[in-house]
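# Descriptive analysis of the structure
Residue strings, one per chain:
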Number of protein chains: 2
Amino acid sequence: MLNFDFYSPARIIFGKGSENRIGELLKPHASKVLVHYGGGSIKRSGLYDRVIASLQENGLAFVELGGVLPNPRLSLVHEGIALCKKEKVDLILAAGGGSTIDSAKAIAMGVYYEGDVWDLYEHNREIEKALPVATILTIPAAGSESSGDTVITNEQKQLKYGYGSPRLRPLLSIMNPELFFTLPKAQVAAGVADMMSHVFERYFTNTTHTDLTDGLCETVLRTLMKNAPIVLEDPQNYEAWCELGFGGTVAHNGLVGMGREQDWACHVMEHELSAIYDVTHGTGLAVLTPGWMEYVHGDNPNMFVQFAVNVMGVQGSYRDPEALIQEGIDRLRRFYSRMGLPATLTELGIPGDRLEEMAKKATSAAFGSENPIGGLKKLYWQDVLEIYKRVK
Amino acid sequence: MLNFDFYSPARIIFGKGSENRIGELLKPHASKVLVHYGGGSIKRSGLYDRVIASLQENGLAFVELGGVLPNPRLSLVHEGIALCKKEKVDLILAAGGGSTIDSAKAIAMGVYYEGDVWDLYEHNREIEKALPVATILTIPAAGSESSGDTVITNEQKQLKYGYGSPRLRPLLSIMNPELFFTLPKAQVAAGVADMMSHVFERYFTNTTHTDLTDGLCETVLRTLMKNAPIVLEDPQNYEAWCELGFGGTVAHNGLVGMGREQDWACHVMEHELSAIYDVTHGTGLAVLTPGWMEYVHGDNPNMFVQFAVNVMGVQGSYRDPEALIQEGIDRLRRFYSRMGLPATLTELGIPGDRLEEMAKKATSAAFGSENPIGGLKKLYWQDVLEIYKRVK
């Protein structure tokens, strides 16, 4: 086990009706709140009204900024920063999914940064300060409700970069699984693929002696894969949604990756797809992950045998590890397919003409000095290109 | 799954050499530190000198208070409160095991409480404020390094009570598994029994639809049971100690019990043993737990079948659940025995003449109005007496 530093202070208030407590919960921490949200589904569902009522009952002033898109844009972040400064906002409440929360985090740190907040993403500069962020989660997927991470798309530069700081961990996050009942099936499936990937990126490692976190990763994965098909068939199944919601938080609050070298190649490769083609993050991950597994498994076959047996439930002869591994990957593909997720770039609507460009961007080879990605196996741009081609 | 509120902000700094960072880590939070410790093993091991050097290098003033005993005493807590007030201490650093940390938490809240801090334990009053507590863990067992709980013994009244508040969660905890290498075998075994019990108390529940937390509990238990015999045979096995140390934290930081009704009867029953006979908490738990399982399993046999199969690895006919359950409990007894733990109150040195008194104290029947204990099965004093007799 490697040395580690675990810090996950976001308070999770979980369950039916929890969103009605938002005003009471924020009162000790804020006087003027920016309510940040997406395309307006929170207005149609009535969530917006309940949130505003709770803020008002508790004497909290607020301003609002809607319009966050999937793959949240830098331009709206700039708008939010200006608004917070002008209105002297002291807390941002993100009501939405990962995009809204990531956008809120960008605004939260941008308020205290003198230059363009994009610098922080591009040059990974350390921040000293950020406004507190609270969240009401409407889509379990990104894990942003407990993480210190944010991913923003610079639409002008066609770049999608992530940034992380312990100062961006939300103060508190409300999770009422009833809010997930009305999600479109495609969004559910993409969200599940994203949550699973957050575990995969931590699970696949060359670090040894990781009994506890191996087991934690495996149980989160099994829980997600058991309950995802249930909500797809029965969108109002509260109990199954509880498992997915809580599972998505545990997948990405940091715990299951402590003390182990992590991978994250699939996330980096996917960000190139989203940056240019604006695909849903989770669908991109579902396409790339099995291809990545096939390409890298030879570097650590025992890890992939363990995945096949402990996660995918494969039984068979350990004297033929390749067969176990292939069956594990095939089962994962079948799971994604059952969830209605695409299996190829073509199905995602991505043509094959910019694969090399994306591979070179993913490894920064396009920007002068190449920086290979991935922990389990280091991938150079030629490797990334191979993986893109494999799932074409 | 039940509604829940999860908040576990203690930062865990884990690994080799981490104790040497204590001064640097505390500097932003303190100017004068109370260094609180036990019988002086930290002086013999050199840990004390390293800690003091790190505090001094970072310009932190300090005072010290040693002498914490297992089952930490109220009298020393009173002394610590007076010292902190007199010296204007602004942070307490507990260097030791659960007893030292629990004593530090008692002092931390006592500093701001006008009356006798014991009131808080006896009447469970809510606190507004406490000094920040940091820890350097030397015994993985109590989980107090991340929890908001403290247990103190009032030696005059022969009472041992617990108290919990989110304000008592440590600011940060240092965990270097190398510090565990020199622990006596008996202490290791008792610590493991305590950590396992923290999971059991959360695991055994009548709440349904708890896939994720079931799995988390089971993987923590399997990890502890795999690695405990390794360190008993090979006390310098760093990797196995990592699993136990990290496992003990996850066992008690709250996560694995979220959304489920918890039990805690064994802990309450054990506190009566320690309060009168001053036995080590973990050994008391090892004696009581299998007896409790046998007494209560009929109320939820499926939960105990799951325990036998998923935790204890029992294979057999599900058409004879009683046999599966009994084999699971027998395996647990054999595990405790392999760890050198006692199986009966007699082996613990506890005579049979005060069992009824303890049973009546455990359920508060001794104090006028009875308050049954336990979540999975409500236990009245007669039930507790039955369990005490069963393990006599």
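We now turn to the structure provided with this report. (Residues numbered from 1 in each chain as written. Chains lettered and ligands numbered in written order. Predicted model: local features only at pLDDT ≥ 70, side-chain atom pairs only at ≥ 80, totals over all residues.)

Another point: the relation of the copies chain B and chain A. Superposing chain B onto chain A takes a rotation of 180° combined with a translation of 0.0 Å along the rotation axis, leaving an RMSD of 0.0 Å. A rotation of that kind, with that shift, is consistent with a two-fold axis. When C-alpha distances to the rotation axis are compared across chain B, the minimum falls at B:Pro9, with a value of 1.9 Å. The fraction of interface residues of chain B whose copies in chain A are also interface residues reaches 100%, indicating that both copies meet through the same surface. (Least-squares fit on C-alpha atoms with pLDDT ≥ 70 in both. Contact = placed C-beta atoms within 7 Å.)

The interface of chain B with chain A comprises 33 residues on the first partner and 33 residues on the second. When residues of the side of chain B that touches chain A are traced back to their parent elements, those giving at least two are strand 1 (4-6), strand 2 (11-14), helix 8 (211-233) and helix 9 (238-252) of chain B. The biggest single contributor to the side of chain B that touches chain A is helix 8 of chain B, with ten residues. Classifying every residue of the side of chain B that touches chain A by side-chain character gives 14 nonpolar, eleven polar and eight charged. (Helix = DSSP H or I, 4+ residues; strand = E, 2+ residues; numbered from the N terminus. Nonpolar A, V, L, I, M, F, W, Y, C, P; charged D, E, K, R; others polar.)

So, about the sheet that holds strand 4 (residues 61-65) of chain A. Sheet architecture is open: seven strands sit in the order 4(A)-3(A)-5(A)-6(A)-9(A)-2(A)-1(B), paired in mixed fashion. This sheet does not close on itself; its edge strands, each paired only once, are strand 4 of chain A together with strand 1 of chain B. Each strand axis lies, on average, 15° off the axis of its neighbour in the sheet, ignoring direction. The sheet contact formed by strand 2 (residues 11-14) of chain A and strand 9 (residues 172-175) of chain A spans four bridges and is parallel. (Pairing = 2+ DSSP bridges. Axes fitted to C-alpha atoms, helices over the stretch in contact; angles between N-to-C directions.)

Residue and element names in this part refer to chain B. Relative orientation of the contacting elements helix 7 (residues 185-203) and helix 8 amounts to 170°, with a least axis distance of 10 Å. The angle between helix 7 and helix 8 places the two elements in the roughly antiparallel class. Contacts from Lys-185, Val-188, Ala-189, Val-192, Met-195, Met-196, Val-199, Arg-202 and Tyr-203 in helix 7 reach Cys-217, Val-220, Leu-221, Leu-224, Ala-228, Val-231 and Leu-232 in helix 8. Taken together, the residues that form the contact of helix 7 with helix 8 break down as 14 nonpolar, no polar and two charged. (Parallel < 35°, antiparallel > 145°, perpendicular 65-115°, else oblique.)

What follows concerns unusual backbone geometry. The phi angle at A:Asp278 is positive, at roughly 55°, despite the residue not being glycine. Tracing the backbone shows A:Asp278 in the loop between helix 10 (265-277) and helix 11 (281-296). One non-glycine residue, B:Gln158, lies in the positive phi region at around 50°. Examined against the element boundaries, B:Gln158 turns out to sit in the loop between strand 7 (149-154) and strand 8 (159-164). Residue classification places B:Gln158 among the partly exposed positions, given that 14 C-beta atoms sit within 10 Å. (Buried ≥ 20, exposed ≤ 12 C-beta atoms within 10 Å, placed from the backbone.)

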